[in-house]
Amino acid sequence: MKWTKVYLPDAYSPTMEQLVYFHDHTMSIITSITILICILLNSLLWNKLIDLNMNEHQMIETWWTILPTIVLFLIAIPSLKILYSMEELINPTISIKSMGHQWYWSYEYSDKFCKELESYMKYNKKNDFRLLEVDNKMKAPFLTQIRMIFSSSDVLHSWTIPCLGIKMDAVPGRINQSSLMIKKPGIFMGQCSEICGTNHSFMPIMLESIKLNKFIKWIS
């Protein structure tokens, strides 16, 4: 990501890929409608001809009612498909629990080996990412179905990594869950996207995607 970038980040998960495709699909429809309206407005402004027979035309009124309905269906059906797929859990191999605190994240791996770590933002150094570097990265294997569990110990937080297409609220006294599969190795960054207090902008998220065998060695 660059500060001057105006498009969506590159997708590194199937969910984000579907969201990018849906964005392009919707923007193509909106662009076509905008061009059509501009052409019609230009025609109305410069055309001096008047057809009195067009004052009442039942067929045109019928079509300009039906066509917007068809366009809405073309947008709604892919949107609902992605929405349901994001909420579906597909036989997760690993479960990772993320807890929001004021103002840091803690992660718990408790499937077979119990491992916990706390992730605080690091102070700026020469080669660090400003406001994004943490002392303990969350580690997860790529090409593996992961179940993320979210909760909070104090106030509302939101665990968000844009390039993975995941954003889930961490609510005190409640457990939310989401499915995640990373397609490539690398380091993915995000921030809490809920206004949770004075240090809201100082609790970044850094996820390191590694091979499954390296992940097993690290967790054991």
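Residues numbered from 1 in each chain as written. Predicted model: local features only at pLDDT ≥ 70, side-chain atom pairs only at ≥ 80, totals over all residues. Heavy atoms only, no water.

Under an unreviewed UniProt entry, the protein has the name Cytochrome c oxidase subunit 2 and belongs to Laodelphax striatellus. Under the heading Subcellular location (unreviewed entry), UniProt records this for the protein: "Mitochondrion inner membrane". (UniProt positions renumbered as here; feature names shortened; annotations may be inferred.)

Q: How would you explain the overall build of the protein if you had to name every residue and give the values?
A: Each helix and strand in the protein was counted, giving three helices and ten strands. Along the protein, from the amino end to the carboxyl end, the secondary structure elements read α-α-β-β-β-β-β-β-β-β-β-β-α. In terms of overall size, the protein is more extended than a compact globule, its C-alpha atoms giving a radius of gyration of 24 Å where 220 residues would be expected to give roughly 17 Å. Projected onto its principal axes, the C-alpha positions of the protein cover 80 × 40 × 35 Å. Counting only residues that meet the buried cut, the protein has 30% of its 220 residues in that class. Sequence-distant contacts, at least 24 apart, represent 63% of the contacts inside the protein between residues at least 6 apart. (Helix = DSSP H or I, 4+ residues; strand = E, 2+ residues; numbered from the N terminus. Rg over C-alpha atoms; globule rule 2.2 N^0.38 Å. Buried < 20%, exposed > 50% of the residue type's maximum accessible area, 1.4 Å probe, protein only. Contact = heavy atoms within 4.5 Å.)

Q: Can you tell me about the pairing of strand β1 (residues 94–101), naming the residues and giving the values?
A: With seven of its eight residues buried, β1 lies for the most part within the structure. Bridge analysis of β1 against strand β2 (residues 104–109) gives six bridges, and the strand direction is antiparallel. Bridging from a neighbouring strand, G100 pairs with W105 of β2. Linkage of β1 to β2, two consecutive antiparallel strands, is achieved through a turn of two residues. (Pairing = 2+ DSSP bridges.)

Q: Tell me about the UniProt feature "transmembrane region" (unreviewed entry) in the protein, and name the residues and values.
A: Listed under "transmembrane region" (unreviewed entry) in the UniProt record, and renumbered for this structure, are residues 20–41 and 62–84. As a span, residues 62–84 carries 100% helix and 0% strand, and end to end its C-alpha atoms are 33 Å apart.

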